[in-house]
Amino acid sequence: MTVKADLPTVIIAAYNEASVIDETLRTLVNESNGFQILVVCNGCTDNTESKIKENFKSVLCYSIDTASKALAIRHAESLQPGFPRLYLDADILLRGKDATYLLGVSKRCHSPSLLIPSSQVNFENCSMWVKKFYRAWYHSPYVKGQGYGAGAYILNQSARSHFEQWPDLIADDAFVRSRIDVSYTQIDHLHQVQVKAPKTLWSLIKVKTRSKLGNFQLRKFNQKHGFNSPKIKSTVTPDKKRLNMSDKFIYFTVNSIAYTLAKFKSTIGNEKWLRDESNR
């Protein structure tokens, strides 16, 4: 099998994802239609690559030695796969029929198009504190005002031309948002990705620290290159439901700790990737 330049493409960068990649690909492949799936394993020390090649014959699987999401995406794009391109994290679930629909919508756009599916969080086996955080998070101005796409976004060819080489940044999705004008951005609330929430409070803090560290890193990058960071409009109707005090307290506490840790790591130049291992 070879990469086809005339087929819409799902690009997945996979780093030691042997425990989750089966479910991700099975969700896509079982209902896939009209697109190719291109996985680039980067710096893997487990059997991610062999599992893909053994269990998913229709998936295009390549490997690079360096553990880097940016380099993995660069390698995938160097193979000249078709547009639109859906960039999907290896632990995010998106049904094949939903991917087909979203890629179709993007393909029909003649103007630049950044299409972001919203998310549904799976709280299976999560602690009460994690659930409280997300209950407050879904009522936050960010989510209500901009919508939220976790680990999945689609660029058509015109939108992809808005930047050259993929930067080596933690917040690749936020970088894309910063490069595509808000008028070309659409959030789809009907075709959602499924995200597994961290199981423990400490895992949640690690995830939020990584997120805030990525924002610090992106801000420095944009300032260096003179880029703006426009906000995204959303059709989400603000939810007026009141939150209890414990939800608000957990939300504030987690974000405060994460901000402090991220600020410290950014100051000392330690931008090591913090990954939630509780769901792997």
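Since we're looking at a predicted model, the values are computed, not measured. (Residues numbered from 1 in each chain as written. Predicted model: local features only at pLDDT ≥ 70, side-chain atom pairs only at ≥ 80, totals over all residues. Heavy atoms only, no water.)

Engineer: Outline unusual backbone geometry, supporting the account with residue identities and numerical values.
Structural biologist: A cis geometry characterises the amide bond from F83 onward to P84, with omega recorded as -5°. Counting through the fold element by element, P84 comes out in the loop between α3 (69-78) and β4 (85-88). With phi around 50°, N16 is a residue other than glycine that occupies positive phi space. The phi dihedral of Q80 falls on the positive side, at around 60°, and the residue is not glycine. Note that Q80 resides in the loop between α3 and β4. (Helix = DSSP H or I, 4+ residues; strand = E, 2+ residues; numbered from the N terminus.)

Engineer: Before we move on, can you summarise the pattern of salt bridges with the specific residues and values?
Structural biologist: Going through the model one piece at a time under the given rule, you end up with 10 salt bridges. For K51, the salt bridge is made with D22, and the minimal N-O distance between the two is 3.7 Å. Placement of the pair is K51 in helix α2 (residues 48-55) and D22 in helix α1 (residues 21-29), with a sequence separation of 29 residues. Residue classification places D22 among the buried positions, given a relative accessible area of 18%. A salt bridge links E49 to K53; the nearest nitrogen and oxygen atoms lie 2.8 Å apart. Of this pair, E49 and K53 both sit in helix α2, 4 residues apart, roughly one helical turn. K53 gets classed as partly exposed once you look at its relative accessible area, which sits at 42%. (Salt bridge = Lys/Arg side-chain N within 4 Å of Asp/Glu carboxyl O. Buried < 20%, exposed > 50% of the residue type's maximum accessible area, 1.4 Å probe, protein only.)

Engineer: Describe the sheet that holds strand β5 (residues 114-122), and please don't skip the residues or the numbers.
Structural biologist: Spatial ordering of the open sheet is given by β3-β2-β1-β4-β6-β5-β7, a layout of 7 strands whose pairing is mixed. This sheet does not close on itself; its edge strands, each paired only once, are β3 (60-64) and β7 (185-196). Within the sheet, the average angular offset between the axes of one strand and its neighbour, ignoring direction, is 20°. Judged from the 3 bridges that link them, strand β1 (residues 9-14) and β4 form a sheet pairing that is parallel. If you follow T9 over to β4, its bridge partner there is R85. On the sheet, α3 packs against β1, β2 (36-42), β3 and β4 and is oriented at approximately 140° with respect to β2. (Pairing = 2+ DSSP bridges. Axes fitted to C-alpha atoms, helices over the stretch in contact; angles between N-to-C directions. Contact = heavy atoms within 4.5 Å.)

Engineer: Help me get a handle on the packing of aromatic side chains, residues and values and all.
Structural biologist: Following the criterion strictly, the structure yields 11 aromatic pairs and no others. Ring centres 4.8 Å apart and planes at 35° place the aromatic pair Y87 and W166 in the tilted group. Of this pair, Y87 sits in strand β4 while W166 is found in the loop between α7 (157-160) and α8 (172-179), placing the two residues 79 residues apart along the sequence. The buried category is assigned to Y87, whose relative accessible area is 3%. W166 sits in the buried class, given a relative accessible area of 1%. Centre to centre, the rings of F216 and Y259 are 5.4 Å apart; their planes meet at 65°, and the pair counts as edge-to-face. (Phe/Tyr/Trp six-rings, centres within 6.5 Å; stacked < 30°, edge-to-face > 60°.)

Engineer: So what's going on with the confidence of the model for the protein chain? Which residues, and what values?
Structural biologist: Of all residues in the protein chain, 87% have pLDDT values of 70 or greater, and the mean over the chain is 87. When mean pLDDT is compared element by element in the protein chain, β1 scores highest at 98, while helix α6 (residues 141-146) scores lowest at 64. Predicted confidence is poor over residues 230-240, with pLDDT under 50, and the contacts of this stretch with residues over four places away or in other chains come to 29 contacts. (pLDDT = per-residue confidence, 0-100.)

Engineer: Go over helix α10 (residues 245-268), please, and point to the residues and values.
Structural biologist: Taking 1.5 Å of rise per residue, 24 residues should cover 34 Å, and α10 covers 35 Å from first to last C-alpha, within 8% of that figure. Of all the residues in α10, the buried ones are D247, I250, V254, N255, A258, A262, K265 and S266. On its buried face, α10 is in contact with α5 (128-137) and α9 (201-225). Immediately beyond the C-terminal end of α10, within one or two residues, lies G269, with a positive phi of roughly 80°. (Expected span 1.5 Å × (residues − 1).)

Engineer: Can you break down a nonpolar patch on the surface residue by residue, with the values?
Structural biologist: A cluster of nonpolar side chains, namely W202, I257 and L261, defines an oily patch on the protein surface of about 280 Å² accessible area. The residue I257 is located in helix α10 in this model. Look at I257 and you get partly exposed, because its relative accessible area is 35%. (Patch = residues over 30% accessible without salt bridge, like charges linked within 9 Å, V, L, I, M, F, W, Y side chains within 5 Å. Areas by Shrake-Rupley, 256 points an atom, 1.4 Å probe, with all protein chains shown as cover.)

Engineer: Can you tell me about the packing of α5 against α9, naming the residues and giving the values?
Structural biologist: At a minimum axis separation of 8 Å, α5 and α9 run at an interaxial angle of 40°. Viewed along their axes, α5 and α9 adopt a mutual orientation that is oblique. Each of W129, V130, F133, Y134 and W137 in α5 lies in contact with α9, whose residues at this interface are L201, L204 and K208. Among the residues forming the contact of α5 with α9, the class breakdown is 7 nonpolar, no polar and 1 charged. (Parallel < 35°, antiparallel > 145°, perpendicular 65-115°, else oblique. Nonpolar A, V, L, I, M, F, W, Y, C, P; charged D, E, K, R; others polar.)

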